[in-house]
Each structure stands twice: as structure tokens, then as C-alpha cells.
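Remarks on the overall topology
Take a look at the letters that make up each chain.
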Amino acid sequence: METVVSGIRPTGNLHLGNYFGALKNFLKMQQEHHCFFFVADYHSLTTHPTPFDLHKNIKQVLVEYLACGLDPEKATIYIQSDVPETTELYLLLNMNAYMGELERCTSFKEKIKTQQNNVNAGLLTYPVLMAADVLLHRATKVPVGKDQEQHLEMMRTFANRFNRIYNVEYFPEPHAFNFGEALVKIPGLDGSTKMSKSENENSAIFLADEPAAIRKKVMRALTDEGPKTPNEKKPQAIENIFNLMSALSSKETYDHFNELYNTCQIRYGDMKKQLAEDAIKFTEPFRARISELMSDKEYLHKVVRMGAEKARESAGKTVREVREIIGFKSF
Ligand code: TYM
């Protein structure tokens with residue numbers, strides 16, 4: 001049995017990228033492994049330090065987790081800020097994380113370009129906080145999308161460095177996990193290679209989107225005038241639509257449109273109509289559960305309380321042991 005940890009920042013509703021990148025694999029693992037899934041609310045402050053309504057965003061993501069099938073009886077579902085042990089491990093790991101390696105991190109370099117007025121220390125140490133989340137439960141498997149690969153590599157560096165510095169075999173190496181397949185990156189509808197909630201709302205299909213919104217966004221997705229020669233290489237925006245179709249539609253549907261593309265007969269309007277209907281069909285069960293759960297205050301309260309309790313038990317043990325290893329002893 002492996003220990004599995006993953007989380008998502010509450011900076012907007014969950015989209016298909018979050019689902020296929022992280023949630024789907026986690027759902028498959030929760031039956032058989034020791035699983036923790038959390039709402040990464042501390043992390044969200046690195047990009048949104050004064051959120052308009054943090055609690056509402058956290059609740060939305062929690063509800064969406066449950067609507068997707070995360071089961072609080074099988075996995076530990078918790079809010080990161082309910083587990084203050086996270087911050088102690090983060091502080092301790094920060095002492096052995098070097099400026100140079102943090103500054104070289106791709107996500108840091110990207111973020112400082114997009115938020116030049118808010119290059120805060122939390123942004124720089126984002127990978128250390130992520131390492132704390134995972135090492136807190138001494139996890140080995142982390143279901144995430146492709147964009148997290150470098151963060152996982154840094155976690156291993158911090159875990160191994162801790163072991164070396166204190167001459168222990170305490171933290172195991174965590175690895176990104178997708179059942180042996182390559183990590184996924186779900187593209188956006190606007191030609192970008194990654195569906196994302198922050199950059200362009202119209203580029204993402206959210207699990208909570210109404211059918212009309214999905215149709216509108218998909219029909220507006222970027223395309224071109226179509227291929228001129230048989231078996232032409234697909235431009236990025238077109239490749240994106242095909243990739244989305246491969247995630248959402250049946251193989252027959254994908255093959256049908258691929259054949260039309262390769263024989264220069266494709267009509268993108270028809271393809272997008274099909275894709276929109278398949279996206280609606282895919283998200284429908286989530287949508288129904290989301291609105292049901294949203295009003296079940298009592299259940300949400302129970303889930304969060306139970307999750308915090310279980311997560312703190314595991315986190316408390318690790319932090320006690322780490323303190324002991326470093327040399328903080330009680331008088
Ligand atoms: P966030 O909220 O940016 O993304 C959450 C998860 O969704 C995946 N993801 C995608 N996967 C495929 N295609 C996409 N277009 C796409 N967009 C997002 C991300 O890879 C991620 O798995 N830093 C993390 C949150 C976090 C975390 C952790 C994850 C904090 N601590 C510890 C794992 C373990 C993040 O990027 O959140």
C-alpha cells in the first residue's frame with residue numbers, strides 16, 4: 001500500500017485539466033491506497049494574496065472534489081490551512097532550500113512575468129510548501145498533471161537533502177504518478193497548450209459549467225480554414241481540439257473526425273458541436289452533484305472536520321519525528 005497525496009488551489013472552479021491531470025488518477029487510487037487529497041488554500045495566496053472570498057472558493061473546490069467522487073470514508077480530504085503542521089514543516093524545509101534552485105524554477109520565472117507587482121517570497125518558496133504537503137505524510141505517489149513535473153523533482157531534492165544532512169533514511173522519494181503513462185496536459189480552447197483557470201476563462205471548460213456555457217465556449221474555440229493537403233500536420237489550435245476530443249469523446253468519434261481531417265473534408269463547426277455535446281455529457285453528473293452538495297452544510301462540516309482530524313494525526317507524527325531528528329528535544 002502506497003501513501004498518495006495531491007491537492008488543487010482554490011483560485012477558481014475546477015476545470016477539465018484539473019480533472020484529467022490530478023483527480024481522475026486519485027479517484028482510481030483511493031480504493032486501494034492510503035490517500036490524502038487537500039484544498040491548497042495557503043498556496044492560493046501566492047497569486048491571490050487578498051482573495052475576494054477565500055472561504056467561498058475553498059467550499060466550491062471541496063464540493064467539486066466530492067462531486068467527482070472523492071470519498072471521505074476512503075481518502076482523507078482536508079483543507080491545507082486546517083493542518084498547521086504544514087507550516088512548521090515548510091519552515092524547516094525552507095532552511096535547506098537554496099535561493100538559486102528556487103529562482104531557477106520554471107513556474108517561478110513564469111509567475112514573476114505575469115505578476116510583476118507581486119513577486120512575494122511565497123511565490124519563490126512555492127515548491128517548498130508543496131514539498132511540505134507531500135512529505136508531511138511521507139507519501140511516495142503524487143497524481144498531478146505534466147506542469148508539476150519540476151515541482152516533483154524539487155520535492156525529491158528536498159527529501160534527499162534532508163536525509164543526507166541529518167544522516168537518516170526518513171523521507172521516501174515522491175514521484176508524479178499516472179499509472180505508468182506519461183503525465184497529461186489538457187489544452188485550452190484558445191490555442192494555448194494548457195487549459196488554465198487564471199489566464200483566460202474562455203479557454204477552460206469547468207465541471208460546473210452549464211450546457212449553454214459549454215456550447216458557447218467550444219463553438220468559439222480557435223480553429224482555421226482547414227487542411228489543404230491530405231495528412232497535413234495539425235497546427236497547435238487544431239491539435240488542441242483533437243486532444244480534447246480524445247479525452248472526452250469515444251474512440252470512434254475521434255477516428256471519424258481524424259479521418260475527415262486527413263482527407264481534407266473536415267468541417268470544424270460539426271466537430272465542435274460534437275465536442276460540446278460530449279463535454280456536456282461528461283460533466284453532467286458532476287454538475288448535478290455539485291448543486292446538491294453545495295447546500296448540504298452539515299455534511300460538508302462533517303467531511304472537513306473528519307479530514308482535518310485524520311490529516312493532523314499523520315502530519316503531527318511526522319513533525320514530531322522531524323523535530324526529534326533535527327534536535328528539538330523537550331526539557
Ligand atoms: P493547480 O491548482 O494549479 O492545479 C491542480 C492540479 O491540476 C493539474 N492541472 C492540469 N493537468 C493537466 N492539464 C491541465 N491543463 C492542467 N491544469 C492543471 C495540475 O497539474 C495539478 O495536479 N501546485 C499544485 C497544487 C498543490 C499540490 C501540492 C499538488 C499544492 N501542493 C502537493 C500535489 C501535491 C497546483 O498546481 O495546483
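Note that the coordinates shown come from a computational prediction; the quantities given were computed from them, not determined experimentally.

Not every one of the 27 residues close to the ligand is listed here, only the nearest: Arg9, Tyr126, Asp133, Asp147 and Gln148. Between the ligand and the protein, one listed contact pairs a nitrogen atom with a backbone N or O atom of glycine 17 at 3.1 Å. Contacts to the ligand include isoleucine 186, whose backbone N or O atom sits 2.8 Å from a nitrogen atom. Calculation on the ligand without its partners gives an accessible area of 700 Å², and the protein chains cover 98% of this total. Elements with a contribution of two residues or more to the shell around the ligand: strand S1 (3–8), helix H1 (16–29) and helix H8 (126–135).

Once that is clear, we can look at the domain arrangement of the protein. For the protein, the assigned domains read domain 1 (3–184 + 297–326) and domain 2 (201–291). Inter-centroid distance (C-alpha atoms) of domain 1 to domain 2 is 31 Å. Across the boundary between the two partners, domain 1 contributes twelve residues, which contact twelve residues of domain 2. Summed over both sides, the interface between domain 1 and domain 2 buries roughly 1100 Å², with carbon and sulfur atoms accounting for 79% of that surface. For domain 1, the biggest contributors to the area lost against domain 2 are Leu16, Phe20 and Ala67; these three give 44% of the whole.

It is at 9 Å that the axes of H8 and helix H9 (residues 149–165) come closest, and there the two elements cross at 70 degrees. When the axis of H8 is compared with that of H9, the two are roughly perpendicular. As for how H8 packs across H9, the hand of that crossing is right-handed. Residue-level inspection shows Tyr126, Pro127, Val128, Met130, Ala131, Val134 and Leu135 of H8 in contact with H9, the latter providing His151, Met154, Met155, Phe158 and Ala159. A breakdown of the residues in the contact of H8 with H9 according to their chemical character gives eleven nonpolar, one polar and no charged.

Rules used throughout
Residues numbered from 1 in each chain as written. Predicted model: local features only at pLDDT ≥ 70, side-chain atom pairs only at ≥ 80, totals over all residues. Heavy atoms only, no water. Near = heavy atom within 4 Å. Polar contact = N/O pair within 3.5 Å; in protein donor to acceptor, adjacent residues only side chain to side chain. Areas by Shrake-Rupley, 256 points an atom, 1.4 Å probe, with all protein chains shown as cover. Helix = DSSP H or I, 4+ residues; strand = E, 2+ residues; numbered from the N terminus. Domains from an automatic or database assignment. Contact = heavy atoms within 4.5 Å. Buried area = accessible area lost by both parts, 1.4 Å probe. Axes fitted to C-alpha atoms, helices over the stretch in contact; angles between N-to-C directions. Parallel < 35°, antiparallel > 145°, perpendicular 65-115°, else oblique. Left-handed = near helix turned anticlockwise from the far one by under 90°. Nonpolar A, V, L, I, M, F, W, Y, C, P; charged D, E, K, R; others polar.

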